[in-house]
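Each chain is listed here by its residues.
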Amino acid sequence: MPSIKAETIYTGNEVIRDAYLHLDGERITGISQGAQGEVLQECPVLTPAFIDPHSHIGLVRSGEPGAEAETNDKQDPFLVLADPLDSLQMDDPALMDAVRSGVLYSCLLPGSGNIIGGGSAVIRNHAPDSSQALVARAGLKAAFGYNPMSTTSWSGTRPTTRMGALAQLRSRLDEAARKGKRYDETDEDKKKEISFTAEEETLLRVLDGELTLRAHVHKADDVSTLLRLVREHGLRASVEHALAVDRPHIFRELRELGIPVCYGPLDAFAYKTELRRESWHNARHLLDSGADFGLMSDHPVTLAGQLLLQTRWFLRQGLSRQKALEILSRQNAELLGLQEVLGTLEQGKWASFVCWSGDPFDLASYPVAVYGEGERLCGPEG
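In short, a report on the structure.

## What to know about the side chain of Asn 114
So, point 1. Mapping Asn 114 onto the fold places it in the loop between β6 (103–108) and β7 (116–118).
So, point 2. Classification of Asn 114 as buried rests on a relative accessible area of 1%.
So, point 3. Within the local environment of Asn 114, its side chain forms a polar contact with the backbone oxygen of Asp 73, the two atoms lying 2.9 Å apart.
So, point 4. Polar side-chain contacts of Asn 114 include one of 2.7 Å to the side chain of Arg 158.
So, point 5. Not counting residues within four places of it along the chain, the set of residues in contact with Asn 114 comprises Asn 72, Asp 73, Asp 76, Pro 77, Leu 79, Ala 143, Pro 148, Trp 154 and Arg 158.

## Some details on the pairing of strand β8 (residues 121–124)
So, point 1. Burial along β8 is two-sided: Ala 121 and Ile 123 and Val 122 and Arg 124, pointing in opposite directions, are all buried.
So, point 2. Judged from the four bridges that link them, β6 and β8 form a sheet pairing that is antiparallel. The partner of Cys 107 across the bridge, within β8, is Val 122.
So, point 3. In the sheet, β8 pairs with strand β9 (residues 134–136) via two bridges, with the strands oriented antiparallel. For Val 122, the partnering residue across the bridge sits in β9 and is Ala 136.

Procedures and definitions
- Residues numbered from 1 in each chain as written.
- Predicted model: local features only at pLDDT ≥ 70, side-chain atom pairs only at ≥ 80, totals over all residues.
- Heavy atoms only, no water.
- Helix = DSSP H or I, 4+ residues; strand = E, 2+ residues; numbered from the N terminus.
- Buried < 20%, exposed > 50% of the residue type's maximum accessible area, 1.4 Å probe, protein only.
- Polar contact = N/O pair within 3.5 Å; in protein donor to acceptor, adjacent residues only side chain to side chain.
- Contact = heavy atoms within 4.5 Å.
- Pairing = 2+ DSSP bridges.

Everything listed here is a matter of geometry and, on its own, says nothing about what the molecule does.
Structure below.
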């Protein structure tokens, strides 16, 4: 049973000094102070693999013109059945750049030009093809705020205001809810007379709280709009971005309702009006609220390979290095429902981790080895 020796192991829950991480195939078998079998690697620091919970990597591809990007399909503002896995191209060089930086997993989401853009796909950034890349699903992408009302030149019935976009969304949800209620109230022998389209079945899963509505939203009042919708229908939702939320009570309300925040990207340029109040200082309100959160790259808005760099803003807010690393590992895994297999270096979880040349927060440090599910993916030469 091989081992990895490290002077410091950040497990995702705690820090352990001078210890060995033990592997058995693709799984971790434990951590101890003694070696078990062959020592595959020795390194100063060991961390869990990082997870990017909101990305467009492989959809917007390095070296390809913008016209070939596949984040948004422009045929209709409601694309409930769109699957980003079908647009993923694993030859995007950014995928291996991310792996070389310790980001082994990404949650692909459609863009925010449509009211509902489609589903999600958590992928292995190091997989040989898109089918083998798929790890899990993690909700349905929706968009609030400016973006859906900015796409009037696209096909379909497009909103020109926030209220117009929400009117369309409410209409779709209400229609599915009424049909679902009629089915529930129908005698068993007549239920077969009511059929649901695949779109309706997906929306019913959202209404039942089975499927998370991943809501792109930046401003405080757009979050308030989402919360009204959540209360109207009893939805399970997550807030994606929230960069311009500078009102502490909004994050407190999210905490009270159990709505997590997929925060970021913190190093993005404020390229539109609704981001004018964006600031790293707003993260203080998020931390103080106690709301569950993770941190995204929103690749290519910021590069997936630079996700760790964004945690410096949390260090500046007073978080320890261990807590900052937990954001990219344990907290991002929990955000995506992957805590059973990823996020911490514990027995039974996937052997996905990064061996560092030194303190990961030192600008001169780099991964000397990256392992994905027990396989060595790259070394110090990349």
